[in-house]
Amino acid sequence: MKKVWIVFTIVVTLSFAALIWVGTEIYQQQPPIPEKVIVKETNEVLYTKKDIKEGQNIWESIGGMEMGSIWGHGSYVAPDWTADWIHREALYLLEHWSQKDFGQSYESLNVEQKGALRARLVKTVKTNTYNSEDQTISIPKVRQEAISSNVKHYTSIFSKGHEEYAIQVGALTDKEKLKKLNAFLFWTSWAASTNRLDKAYTYTSNWPHEPLIDNTITPDSQIWSGFSIILLILFIGILTYYYLRNHEKGEAILKPVEDTLLHITLFRSQRTVLKYYFVISLLIFLQVVLGIITVHYSVEGQAFFGFNISEFIPYVITRTWHTQLAIFWIAATWLATGLFLAPLISGKEMKYQVFGVNFLFVALLIIVLGSMLGEWLGVHQFLSLTTNFFFGHQGYEYMDLGRFWQLFLAVGMILWMVMVGRHVLFGIRKKEESKHLLSILLIAVVAIGLFFFSGLMYGENSTLPVINYWRWWLVHLWVEGFFEVFATVIIAYLFSKMKIISVKTAGRASIASATIFLAGGIIGTLHHIYYSGTPVQAIALGATFSALEVVPLTLMGFEIRENWNLLKEHEWIQRYKWPIMFFIAVAFWNLLGAGVFGFLINPPIALYYIQGLNTTAVHSHTALFGVYGMLGMGFILMCLRIYSKRTWNQKLIKTAFWGLNLGLLLMVVLSLLPVGIIQAYTSITKGYSYARESELLYSPTIQTLKWLRIVGDVVFSIGIVSFCWFVVRETFYALKQKLHANEVK
């Protein structure tokens, strides 16, 4: 076991060293924000640094990534503003020069004439005119005219609304704010279309794909994509060989003849945790309702089956709440699981545990309701920019809630870490055989508590590359990293308590699994920010190590088989059939959603063309809900099964299970994936801006595919309603129980 711990320590230490090193490079090599943008011929100041930075804050306040995207990060209905700005500016310049030089439209020119103008365009746009001495950018007057044309276009969109983009009327009407918002959009397009000093590619490694300005994929992206695929194949072979050679050796599998969990002692705090499941069920239901409204905005723009609701609850709000509630209920489920199992691990209930559980419950309600209200107020421009940052809408997908609510949640995470960690530490000090298993659990608990603070590492005026770097520390490392380790260990611990596997084997397997996952997962964080104003190191390391994240997922078939066989071993295991079935679903969606659909957008060469298209939605739905959501539901059912002694309603939970899984599959196969494929083809053949424009997204074919999503949504909704109703019924029954066969202390 000592060797396993050494390998784990080395992997984690070196991985974080690499991730932090790339972070320092991001700080040093990020696109500069100029003190002034000057018109070359007249020395007129077009924009200042203050305009650009406040423009970013204004963009955040109206919803940021929930209203279109920047550098590919954000929602999918409105355009990517960076790509759209570049394309519109390029078309304006080509048309202006064509009329001036040839007296006719650009489209009517011959190939040689078009080629000459495009060469002029590339030189004009891609030449870096940033002066590091006075920190200014100079642009020619003709480009100022193109920028003015864009400003007029975007001012109209954000002030008057745009139905096909699902942007509500009056989203932003203040003229000064509109000017500064356009300054920020200009800067994001400048960074994406201007070559780095002494480099042949832009600050975003030539993203987005825009043939008019020769923004094409870089050799680095191609090389590291190929290298990542080679490594993926190599390590799949190595891991499969290791698995087949060592699996089920020694005392790995036991054959218990009775249900050992029936004899455990339950405590007051475990009963207190049960009320979380009422709130979680409500959050799940509300999240799905908001998801239905959100997706419907993509076909009607401002209405919901004819009812104009955008004035009160616009797309940007429904999408914000939809994504945020997903994080809230999934995280709450996992945290409640930790609180429920903590006394089981230590064998005792420590002081103030019940008070802590109740305090966290109240805090959860305040944070959920307070952040949702703040986001609504922020988007509707009732808050100043600084107030919005702290109490309103931060503008970043999955991290939309204001900084005050983040801080409140961080305090709650520390309290949870202490409450669960002290029970785990007590279990370790018993010096029983389970100390290795509990040690890796303690590491996961501490990491969950502390790594949430990574989301607090940027400030109100931090730059976009820096914010994206820390944002993915939270979204990827906190959610996909340490929560994944926590979940793996919890399942291993439960199975060891049930005597299905030995404690020693569970400990070794958990540490090994954590090592394998974190070996790719920590540095793999960088695959989210290949083209976010980051240096080429992010592409090299991100591509290499994120491919390794997929490696352990290829063995999910073995896990599915083992869990399925487990249900056939003994009659008593049927009592835990549905928690185990949800764990089987987790393994399936891990393979398909995180593995297949994750790797679909993982290599740089793929992400370059399909970032921010519906292919991303395919991965996010099948991985976030399919893996983490199903896992959270499995944990709820396992805790209820431990607490409740009555026979379950098989019909209701069976409807829930198959409705959720079939509905999610139909949602993807009938709608999201076909739309994503059409967008990907358009992005590759014509350019990224075309793949995000309403001309394509409102075409008859795409609209038909969008409406087909109703089939999957209806089946999925039946599953959601069935699950929530089942949980509410079982929780209510459990709370009514006065005593168990074992005394509730």
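Before reading further, recall that the structure is shown in the block above.
Heads up: these notes are all about the structure in this document.

What counts and how
Residues numbered from 1 in each chain as written. Predicted model: local features only at pLDDT ≥ 70, side-chain atom pairs only at ≥ 80, totals over all residues. Heavy atoms only, no water. Helix = DSSP H or I, 4+ residues; strand = E, 2+ residues; numbered from the N terminus. Rg over C-alpha atoms; globule rule 2.2 N^0.38 Å. Buried < 20%, exposed > 50% of the residue type's maximum accessible area, 1.4 Å probe, protein only. Core = buried A, V, L, I, M, F, W, Y, C linked by side-chain atoms within 4.5 Å. Contact = heavy atoms within 4.5 Å. Phe/Tyr/Trp six-rings, centres within 6.5 Å; stacked < 30°, edge-to-face > 60°. Lys NZ or Arg CZ within 6 Å of the ring centre and 35° of its normal. Lys, Arg positive; Asp, Glu negative; His and termini not counted. Salt bridge = Lys/Arg side-chain N within 4 Å of Asp/Glu carboxyl O. Polar contact = N/O pair within 3.5 Å; in protein donor to acceptor, adjacent residues only side chain to side chain. Expected span 1.5 Å × (residues − 1). Pairing = 2+ DSSP bridges. Axes fitted to C-alpha atoms, helices over the stretch in contact; angles between N-to-C directions. Parallel < 35°, antiparallel > 145°, perpendicular 65-115°, else oblique. Left-handed = near helix turned anticlockwise from the far one by under 90°. Nonpolar A, V, L, I, M, F, W, Y, C, P; charged D, E, K, R; others polar. Patch = residues over 30% accessible without salt bridge, like charges linked within 9 Å, V, L, I, M, F, W, Y side chains within 5 Å. Areas by Shrake-Rupley, 256 points an atom, 1.4 Å probe, with all protein chains shown as cover.

## Some points on the overall build of the protein
A tally of regular secondary structure across the protein gives 25 helices and eight strands. For the protein, the C-alpha radius of gyration of 27 Å lies close to 27 Å, the compact-globule estimate for 745 residues. Taken over the C-alpha atoms alone, the protein extends approximately 90 × 55 × 45 Å along its principal axes. In the protein, which comprises 745 residues, the share counted as buried stands at 63%.

## A short note on the nonpolar core
Core analysis: the largest hydrophobic core is formed by 236 residues, its most contacted members being Trp81, Phe158, Tyr276, Tyr277, Trp416, Phe486 and Phe723. In terms of residues, this core owes the most to one element, helix H15 (residues 464-497), which gives 24 residues. Among all residues touching Trp81, those that are not within four sequence positions of it are Trp59, Met67, Gly68, Ser69, Ile70, Tyr154, Ile157, Phe158, Tyr165, Ile167 and Leu185. Counting residues in each nonpolar core, the second largest holds seven residues, with Leu239, Ala547, Val550 and Phe599 among its members.

## Thoughts on the packing of aromatic side chains
Using the criterion set out here, one finds 52 aromatic pairs in the structure. Considering the side-chain rings of Tyr47 and Phe186, the 5.8 Å spacing of their centres and the 35 degrees angle between planes classify their relative orientation as tilted. Taken together, the residues Tyr47 in strand E2 (residues 45-48) and Phe186 in helix H6 (residues 175-193) connect sequence positions 139 residues apart. For the cation-ring pair, Arg120 lies above Trp97, with the distance from its terminal atom to the ring centre recorded as 5.0 Å.

## Side note on the side chain of Arg471
Turning to its location among the elements, Arg471 is positioned in helix H15. Despite being buried, Arg471 has no salt bridge partner; Glu397 is the closest side chain of opposite charge, sitting 4.7 Å away. At 3.2 Å, the side chain of Arg471 and the side chain of His73 are in polar contact. Each residue touching Arg471, except ones within four places of it in the same chain, is listed here: Met65, His73, Tyr396, Glu397 and Met399.

## Brief notes about helix H10 (residues 315-346)
Here H10 spans 47 Å end to end across 32 residues, near enough to the 46 Å set by a 1.5 Å rise per residue. Within H10, 32 of the 32 residues are buried, which leaves the element mostly enclosed by the surrounding structure. Just past H10, the residue Gly347 takes up positive phi, approximately 80 degrees.

## Structural notes on helix H11 (residues 353-379)
Taking 1.5 Å per residue, 27 residues should reach 39 Å; H11 reaches 39 Å between its end C-alpha atoms and fits that length. Count one or two residues on from H11 and you reach Gln381, which has phi positive near 60 degrees.

## Here's the deal with the sheet that holds E2
The strand order across the open sheet built from four strands is E2-E1-E6-E5, with neighbouring strands paired in mixed fashion. Each of the sheet's edge strands pairs with one partner strand only, and the pair in question is E2 and strand E5 (130-131). Taken together, the four bridges between strand E1 (residues 36-39) and strand E6 (residues 136-139) define a ladder with parallel strand orientation. Along E6, the bridge assignment pairs Val37 with Ile137.

## A short note on unusual backbone geometry
Looking along the chain, the bond that leaves Trp207 and enters Pro208 is cis, with omega of 5 degrees. With respect to the helices, strands and loops of the structure, Pro208 is situated in the loop between H6 and helix H7 (219-246). Positive phi outside glycine occurs at Ala166, with the angle close to 60 degrees. Here Ala166 is to be found in the loop between helix H5 (141-160) and H6.

## A few points about the pairing of E1
One ladder, built from three bridges, connects E1 with E2; its direction is antiparallel. Following the sheet pairing, Val37 is matched in E2 by Tyr47. The antiparallel hairpin formed by E1 and E2 contains five residues in its connecting segment, where Asn43 sits at a positive phi of about 60 degrees.

## Considerations on the packing of H11 against helix H13 (residues 403-429)
One can describe the packing of H11 onto H13 by two numbers: an axis separation of 10 Å at closest approach and a directional angle of 155 degrees. Judged by the angle between their axes, H11 and H13 are roughly antiparallel. Relative to H13, the crossing made by H11 is left-handed. Here Gln353, Gly356, Val357, Phe359, Leu360, Ala363, Ile366, Ile367, Gly370 and Ser371 of H11 lie close against H13, whose contacting residues are Trp405, Phe408, Leu409, Gly412, Leu415, Trp416, Met419, Arg422 and His423. Classifying every residue of the contact of H11 with H13 gives 12 nonpolar, six polar and one charged.

## As for the environment of Phe583
With respect to the helices and strands, Phe583 occurs in helix H19 (residues 577-600). Residue classification places Phe583 among the buried positions, given a relative accessible area of 4%. Sequence separation of Phe583 and Gly632 is 49 residues, and the distance between their C-alpha atoms is 9.5 Å.

## Concerning the packing of helix H14 (residues 435-451) against helix H16 (residues 503-521)
Look at H14 against H16: their axes get within 7 Å of each other, and the N-to-C directions meet at 30 degrees. Viewed along their axes, H14 and H16 form a crossing whose handedness is left-handed. Here His436, Leu437 and Ile440 of H14 lie close against H16, whose contacting residues are Ala506, Gly507, Ser510, Ile511 and Ala514. Tallied by class, residues from the contact of H14 with H16 come to five nonpolar, three polar and no charged.

## Concerning a nonpolar patch on the surface
Where nonpolar side chains cluster on the molecular surface, the patch consists of Phe305, Phe307, Trp707, Ile710, Val714 and Ile718 and spans about 610 Å² of accessible area. Its place among the elements puts Trp707 in helix H25 (residues 700-736). Its relative accessible area of 37% is what places Trp707 among the partly exposed residues.

## Some thoughts on the pattern of salt bridges
Tallying each qualifying case throughout the model produces 13 salt bridges. Across the pair Arg88 and Asp84 runs a salt bridge whose closest N-O atoms are separated by 2.9 Å. Of this pair, Arg88 and Asp84 both sit in helix H3 (residues 81-102), four residues apart, roughly one helical turn. Overall, Asp84 belongs to the buried group, its relative accessible area being 4%. For Asp101, the salt bridge identified is with Arg120, shortest N-O distance 2.7 Å. Here Asp101, found in helix H3, pairs with Arg120, found in helix H4 (residues 111-126); they are 19 residues apart in sequence, far enough to count as distant. In this structure Asp101 comes out as partly exposed when scored by relative accessible area, which is 36%.

## Section: the side chain of Asn195
With respect to the secondary-structure elements, Asn195 resides in the loop between H6 and H7. Not counting chain neighbours up to four residues away, the residues in contact with Asn195 comprise Lys126, Asn128, Ala200, Tyr201, Thr202, Tyr203 and Asn206.

## Re the environment of Pro314
Counting through the fold element by element, Pro314 comes out in the loop between strand E8 (307-308) and H10. As for Pro314 and Met65, which are separated by 249 residues in sequence, their C-alpha atoms are 14 Å apart. If we ignore the near neighbours within four places in the chain, the residues touching Pro314 are Gln168, Tyr297, Ile309 and His380.

What is shown is where atoms sit, not what they do.
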